[in-house]
Amino acid sequence: MNYQAIRAVFESRLLTAYNNLTPAVPVYFDNVMIDDVDSAEEFVHVNIQVGLTTETALTTNPDRVRGVLVVRTYTPKNKGPARNQTLVNVATSVIQTINNTAKPASGVYARTGPIEGPSFSPDFGGTTPDQQSRRAFTPFFVSRIEAGFQAQVIS
């Protein structure tokens, strides 16, 4: 199983898309230190969780993974939602592009399920997990989208 290659399908495309914006938007991934987040006015955090691994129900190939992709965008609070929604649209477009990519002869083939969200915070009523946490009290307006995914490593 090549988890790095599976992560790269999502991470490399999201990083490229956000780096191509003017100005470029910092993107942080799991297990990466965020040293300068206090000085950043806006940034994106990408979280990939793997659930079911080595599914063999449909095939004898065990190199299949199911998981969830979560993208959170952080923009300055009290400046309106427009910029945050622009950044959310970037992630949505990347996910849709991945879904429209043909199955390769080798490498990783990934597909996502429906995109849920965006959900926005702060909502001090605490109706979503992000809004029930400390994020509601940060200087950022936060949005979150997520999508389940399936990936296959093709040899």
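For the structure itself, look to the data block above.
Everything numeric here is computed off the predicted structure, so don't read it as measured data.

The rules behind each value
Residues numbered from 1 in each chain as written. Predicted model: local features only at pLDDT ≥ 70, side-chain atom pairs only at ≥ 80, totals over all residues. Heavy atoms only, no water. Salt bridge = Lys/Arg side-chain N within 4 Å of Asp/Glu carboxyl O. Helix = DSSP H or I, 4+ residues; strand = E, 2+ residues; numbered from the N terminus. Buried < 20%, exposed > 50% of the residue type's maximum accessible area, 1.4 Å probe, protein only. Core = buried A, V, L, I, M, F, W, Y, C linked by side-chain atoms within 4.5 Å. Contact = heavy atoms within 4.5 Å.

## Description of the pattern of salt bridges
Logical step 1: Throughout the structure, instances matching the rule amount to four salt bridges.
Logical step 2: The closest approach of N and O atoms between D30 and R7, which form a salt bridge, is 3.4 Å. Taken together, the residues D30 in the loop between β1 (27-29) and β2 (43-53) and R7 in helix α1 (residues 3-19) connect sequence positions 23 residues apart.
Logical step 3: The exposure class assigned to R7 is partly exposed, which follows from its relative accessible area of 22%.
Logical step 4: Three or more residues joined by partner-sharing salt bridges are found here, namely R7, E11 and D30.

## Digging into the nonpolar core
Logical step 1: One finds F10, L14, Y18, V46, L69, V71 and F149 to be the most contacted residues of the largest nonpolar core, which totals 28 residues.
Logical step 2: Taken together, the elements giving at least two residues each to this core come down to α1, β1, β2, β3 (64-76), α2 (82-100), β4 (107-121) and β5 (140-154).
Logical step 3: Among the elements that line this core, the one with the most residues is α2, at seven residues.
Logical step 4: Other than its neighbours up to four places away in sequence, L69 contacts F10, L14, V46, N47, I48, I95, I145, E146, A147 and F149.
Logical step 5: Membership of the second largest hydrophobic core comes to six residues, among which are A40, F43, Y74 and F140.

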